[in-house]
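The residues making up each chain are set out below.
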Amino acid sequence: PTPGKPGGEITSDVYPIQDGAMTVEKPTNAATLLAGVHGEDLRLTNADGEPLRGEDLVGTGTTVAQGGGPAELVIVVYGDLNGDGKIAVGDLLEMRRALLALTKLDGVWLRAATADSGEPEPNVRNILQLSRVLLNLTDSMKG
């Protein structure tokens, strides 16, 4: 299929796409994300199924779907473990809960916690990197 055609695919020159997920390294709003994505009649919905527009933040679990075709991707925002599109203390608490085996992260949530490192679970290095992001010592979970 041809990108941008009915039944085509969703592509991007800005955001990496792998295994049905599009990776966003920093908090991003819907308008900015859509400006970097190619496809026909693209729609964003958050993890609760509510539509996102303009300045709404894109969070982990957001879906970008093509209205004229079957193409659909799930968004992974590194460091966003609760799907609100922000990287905040709540995300650090979720990661700590996972590290202590009080909760289990999988799928896009695991990728958001481990910054796609391929780790089977979040580890101390991931918590330290998320803490660095929260303290504005770095702007990315990759590091």
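Located above this text is the structure these notes cover.
Residues numbered from 1 in each chain as written. Predicted model: local features only at pLDDT ≥ 70, side-chain atom pairs only at ≥ 80, totals over all residues. Heavy atoms only, no water.

1. Concerning the overall build of the chain
Counted only if it meets this: Starting at the N terminus, helices and strands are each numbered in turn, a helix being any DSSP run of H or I of at least four residues and a strand any DSSP run of E of at least two. Working definition: with a 1.4 Å probe on protein chains only, accessible area under 20% of the residue-type maximum means buried, over 50% means exposed, and in between means partly exposed. By the convention used here, residues are in contact when the closest approach between their heavy atoms is within 4.5 Å.
Helices and strands together make up the secondary structure of the chain, namely four helices and nine strands. Along the chain, helices and strands appear, N-terminal first, in the series β-β-β-β-α-β-β-β-β-β-α-α-α. Each principal axis of the C-alpha atoms in the chain carries an extent, and together these give about 45 × 30 × 25 Å. Looking at the chain residue by residue over its 143 residues, the buried ones come to 41%. Here the contacts in the chain between residues at least 6 apart in sequence split such that 55% fall between residues at least 24 apart.

2. Looking at unusual backbone geometry
You will see that D19, though not glycine, has its phi angle at about 55 degrees, which is positive. Along the chain, D19 turns up in the loop between β2 (17-18) and β3 (21-24). Backbone geometry at N136 places phi at a positive 60 degrees, although glycine is not the residue there. Relative to the elements of secondary structure, N136 occurs in the segment after α4 (124-134). Looking at N136, the relative accessible area reads 69%, which means it is exposed.

3. Here we look at the nonpolar core
Spelled out, the test is: To define a nonpolar core, start from buried Ala, Val, Leu, Ile, Met, Phe, Trp, Tyr and Cys residues and group those joined through side-chain atoms within 4.5 Å.
Of all hydrophobic cores here, the largest spans 18 residues; its most connected members are V76, L81, M95, L105, L130 and M141. Elements with a contribution of two residues or more to this core: α2 (89-99), α3 (107-114) and α4. Here this core gets four residues from one element, more than from any other, and that element is α3. In this structure L130 touches G79, I87, D91, L92, M95 and M141, once residues within four positions along its chain are discounted. Formed by 16 residues, the second largest nonpolar core is a distinct cluster that contains V24, L44, L52 and V58.

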